[in-house]
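Tertiary structure, described
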Amino acid sequence: MDKMLDDFSRAKAIYDLLPLEDKKSLSLSGDTTFTNSDVVVRLCSDMGFIELFDGGDGYLYTVLAIVPAFRGKGVADVFLNFALSIVDKPVRYVSKKDNARSIGFIKKRNDFKLIEENSIAFVYEQIGRELDGQK
């Protein structure tokens, strides 16, 4: 993998390459605005990016996007594994119910379990990553 960067403008350029449906899938509201707010970790390469942002509830939440040409090659695992190795808060992965690719990805990971389901999304949480006083 090429050098990973944490530059907002690089992540935005990658985001702009994604198909519109992928952009909508990255947000529970379907909003396609790409912002820099509350991001704790951002890693990107020419293959895609991952961002972990602070949910304000003791958890970090993921935004993970892989450029279509690199999907199915393990890139998402590399991004998520690296991001998980450098954070010190529990991580949640939220996927819209209509995003089969995202759901398939997180269901294959033994280090995440389904903890919540609502009308539009599934919420998975990293196993074994808890803060004092939670759970």
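It should be noted that the structure appears before, not after, this text.
Residues numbered from 1 in each chain as written. Predicted model: local features only at pLDDT ≥ 70, side-chain atom pairs only at ≥ 80, totals over all residues. Heavy atoms only, no water.

With respect to the nonpolar core
The condition is simple: Among buried residues, the Ala, Val, Leu, Ile, Met, Phe, Trp, Tyr and Cys ones that are joined through side-chain atoms within 4.5 Å form a nonpolar core. When a residue's accessible area, from a 1.4 Å probe over protein chains only, is under 20% of the maximum for its type it is buried; when over 50% it is exposed; and in between it is partly exposed. The secondary structure listing takes helices from DSSP runs of H or I that are at least 4 residues long and strands from runs of E that are at least 2 residues long, numbered from the N terminus. By the convention used here, residues are in contact when the closest approach between their heavy atoms is within 4.5 Å.
Core analysis: the largest hydrophobic core is formed by 23 residues, its most contacted members being I50, L52, L64 and F112. Elements with a contribution of two residues or more to this core: β1 (39-45), β2 (48-54), β3 (60-66), α3 (75-86), β4 (91-96), α4 (100-107) and β6 (121-126). No other element matches the six residues that α3 contributes to this core. The contacts of L52, once residues within four sequence positions are left out, are D38, V39, V40, V41, L60, Y61, T62, A83, V87 and V91. Ranked by size, the runner-up nonpolar core spans 10 residues in total, among them A11, I14, Y15 and V63.

Concerning the pattern of salt bridges
Selection rule: We count a salt bridge whenever a side-chain nitrogen from Lys or Arg sits within 4 Å of a carboxyl oxygen from Asp or Glu.
Applying the stated criterion to the full structure yields 11 salt bridges. The salt bridge involving K12 is made with D16; its shortest N-O contact spans 2.7 Å. Within this pair, K12 and its partner D16 are both found in helix α1 (residues 8-17), separated by four residues, close to a single helical turn. On the basis of relative accessibility, which here comes to 29%, the residue K12 falls in the partly exposed class. A relative accessible area of 40% means that D16 is categorised as partly exposed. Two residues, D111 and R109, come together in a salt bridge whose shortest N-O distance is 2.7 Å. The exposure class of D111 is partly exposed, given its relative accessible area of 24%. Among the residues examined, R109 registers a relative accessible area of 8% and is labelled buried.

By themselves, these are just geometric observations and shouldn't be taken as functional.
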